[in-house]
Amino acid sequence: MIETEVLVIGAGPAGQTLAIDLGQRGIRTTLIEKLDKHGIHPKLERANARTMEIFRRLGLSERIRAAGFPRDCPMDVFIVTSMTEPAVLHLPYASVAELQADIRAHNDGNRPLEPYQLISQYTLDPLLRAEAEVTANVDVCFGHEMLDFKQDGSGVTARIRRPDGEVQTVRAAYMVGCDGGASPVRKALGIQLAGRGRIRHMRAALFRADDLFERIPVGKGRHYHIIGDPDFTSITVQDSTRHFRMNTMYREGENVEEKFRRSVGKGLDFDCETLYTGEWYQHLLCADSLGHGRVFIAGDAAHLVIPTGGLGMNTAVGDVIDLSWKLAGTLRGWGGPELLQSYLTERLQIGRRNVQASTNAAEGRVDWRAAYKPDINDDTPEGRATRAEVARVADIEQRKTNEILGIEMGYRYIDTTIICQEPGEGPDPDSRAYTPTTWPGARIPHVWLDDGSALQDHMTQGYNLIKLGPKGGHDTRALEQALRAYGAPLAVHEFEDEAPLRIYGHALLLLRPDLHVAWRGNAPPDDPARVAAIATGHGDPAGAGGRSPACAAAVS
């Protein structure tokens, strides 16, 4: 029997990121993937700003940028009748290099530490696999299929079939299913998906056309939506700029390369090789639970979205980063009984929220496509009116896909037992626009320190207590002792810089290991033992669910 602490099923971006983070935390992890290698299915469009901040903390962001879409290429979005005709709407978006320069030039908390990065899953997956394979404490097993599992009060026992057909038994303290939309783990747990399934039957195709990107008449960008096409056809430039993904409704017997050439447009000859075609369905679904007992699900196993807004893989990475530190805390003994339970609450609300955001973006895309009329390219008053109406509607609705920084990194955890709640509603967590906040449950905003470093980069893997203002101005020893009494990893940081205090608005902040705010105040809490108990999942001794006066007394 093989023994491990956490057994992860599925080696897509979610499973591999979970394994890497667990390994870096010193947790023995076994990663199982039934395929012997990653495929070339072009499923992923981009890693968003929050995900890139997470990859930065894992030490991976620069490698991902080097492998992804070139830093100096614009990320523009076009709505066109073809890529050789003038754009009906052109939405310009800055290149990664321009975004990085903008982030460096501002210090107002309104920007992420890392901009998003266009990268294909067939590029990202091997990169994550290579990192997982050299991460201490992680065993990576491709070509291994989980047959079944059972759990008891102390762990999970799974039967695994090796590439040679031999069946092995693996014993783990916990198991996580990152095994995709058809998740055998989810099905075995009896967890149901709710929402809208099989909305459209789609086909994805991947083409290689080496010189096409440099020659596109309408202009360089990353995404081209073909209007006038009844099949919701879109073309996305992949990270190499030599490869193009086409998504279109499935038509039996259709020649996809011919459709790709028609979408590019007449009069533009280019060499083209079809590398992949495959079918998929659009879904807007979320699980009714994220786990039972010692078995959890994450990523596509827990929620399926239409890839409007790029909320699939990015939600998955958020899932596993929330789960990883809670597994580590529970396994190392400092996490209380509510720590792992909070994963079920926190990430289920984000999954549902992101499914709704994807729904809004998808419905907006239907709306601007519905404004199309066949006269759109006619040089007539009617044709110009059609063109103007499509552009007007798309200028509103397409932004629900491309301008959602608030959804990406403005989310916060609400009604969770491991956050010291404050009275009031707090900032709108569902806004597409990002507003920096340290409201408990929110991600700590990015801020530059006087020495040019990012405050986030000073944070450790454990809890982080930030003290702002003159050094020695606040005696937090009681809170520090209360946290360490549980054995929780804690680092204390004192910053006299003006910017953090101006942006954060509070002199003291306790951050969870995922850099979300657990407590804040302008003076040490009245009852530090209660704050420590709540933040580590041992519950509120007063039974107030984290809303006790001790949590809020120091906020004013």
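Heads up: the structure comes first, above all this text.
This report concerns the structure included in the present document. As the structure is a prediction and not an experimental result, all values here were calculated from the model.

Some remarks on the overall build of the protein
Across its full length, the protein holds 17 helices and 24 strands. For 556 residues, the compact-globule estimate of 2.2 N^0.38 gives 24 Å, and the protein sits close to it at 24 Å. Projected onto its principal axes, the C-alpha positions of the protein cover 75 × 60 × 40 Å. Taken over 556 residues, the protein has a buried fraction of 61%. Contacts in the protein between residues far apart in sequence, at least 24 positions, make up 72% of those at least 6 positions apart. Accessible surface, the protein as shown: approximately 21000 Å² in total, 48% of it carbon and sulfur.

A short note on the nonpolar core
One finds Phe149, Met175, Val185, Ile297 and Leu327 to be the most contacted residues of the largest nonpolar core, which totals 57 residues. Setting aside residues no more than four positions away along its own chain, Val185 makes contact with Ile9, Met146, Phe149, Met175, Gly177, Asp179, Val295, Phe296 and Ile297. Among the nonpolar cores identified, the runner-up in size contains 41 residues, and Leu89, Leu212, Phe260 and Phe270 belong to it.

Quick notes on the sheet that holds strand β20 (residues 303-304)
In a beta sheet, neighbouring strands pair by backbone hydrogen bonds and run either parallel or antiparallel. A sheet is described by the order of its strands in space; here three strands give the open sequence β11-β17-β20, paired in antiparallel fashion. Sheet topology places β11 (193-196) and β20 at the edges, where each strand pairs with a single neighbour. Sheet analysis places strand β17 (residues 284-287) next to β20, joined by two bridges and oriented antiparallel. Among the inter-strand pairings, Leu285 is bridged to a residue of β20, identified as Leu304. Its contacts with the sheet put helix α10 (residues 337-370) on β11, β17 and β20, and the angle it makes with β17 is roughly 175°.

Re the packing of aromatic side chains
Following the criterion strictly, the structure yields 10 aromatic pairs and no others. Measuring from ring centre to ring centre gives 5.9 Å for Phe296 and Tyr343, while their planes differ by 80°; the resulting arrangement is edge-to-face. With a gap of 47 residues between them, Phe296 in strand β19 (residues 295-297) and Tyr343 in helix α10 connect regions that are remote in the sequence. Given the relative accessible area of 1%, Phe296 is considered buried. Here a set of aromatic residues connected by ring pairs shows up, and it is made of Phe207, Phe244, Phe260 and Phe270.

Overview of the side chain of Thr4
Structurally, Thr4 can be placed in strand β1 (residues 2-9). At 3.1 Å, the side chain of Thr4 forms a polar contact with the backbone oxygen of Arg28. When residues no more than four places from it in sequence are discounted, the contact partners of Thr4 are Arg28, Thr29, Thr30, Val170, Arg171, Ala172 and Ala173.

Focus on the side chain of Gln398
If you trace the backbone, Gln398 turns up in the loop between α11 (381-397) and α12 (399-402). Separated by 3.1 Å, the side chains of Gln398 and Trp368 make a polar contact. Apart from residues no more than four positions distant in its own chain, Gln398 is found in contact with Val77, Leu91, His225, Arg365 and Trp368.

As for the state of the cysteines
Evaluation of the coordinates by the stated rule reveals zero disulfides. No disulfide involves Cys73; its sulfur sits 20 Å from the nearest other cysteine sulfur, which is in Cys272. Overall, the relative accessible area of 11% leaves Cys73 in the buried class. No disulfide involves Cys141; its sulfur sits 15 Å from the nearest other cysteine sulfur, which is in Cys178.

Basis of the calculations
- Residues numbered from 1 in each chain as written.
- Predicted model: local features only at pLDDT ≥ 70, side-chain atom pairs only at ≥ 80, totals over all residues.
- Heavy atoms only, no water.
- Helix = DSSP H or I, 4+ residues; strand = E, 2+ residues; numbered from the N terminus.
- Rg over C-alpha atoms; globule rule 2.2 N^0.38 Å.
- Buried < 20%, exposed > 50% of the residue type's maximum accessible area, 1.4 Å probe, protein only.
- Contact = heavy atoms within 4.5 Å.
- Areas by Shrake-Rupley, 256 points an atom, 1.4 Å probe, with all protein chains shown as cover.
- Core = buried A, V, L, I, M, F, W, Y, C linked by side-chain atoms within 4.5 Å.
- Pairing = 2+ DSSP bridges.
- Axes fitted to C-alpha atoms, helices over the stretch in contact; angles between N-to-C directions.
- Phe/Tyr/Trp six-rings, centres within 6.5 Å; stacked < 30°, edge-to-face > 60°.
- Polar contact = N/O pair within 3.5 Å; in protein donor to acceptor, adjacent residues only side chain to side chain.
- Disulfide = S-S within 2.5 Å.

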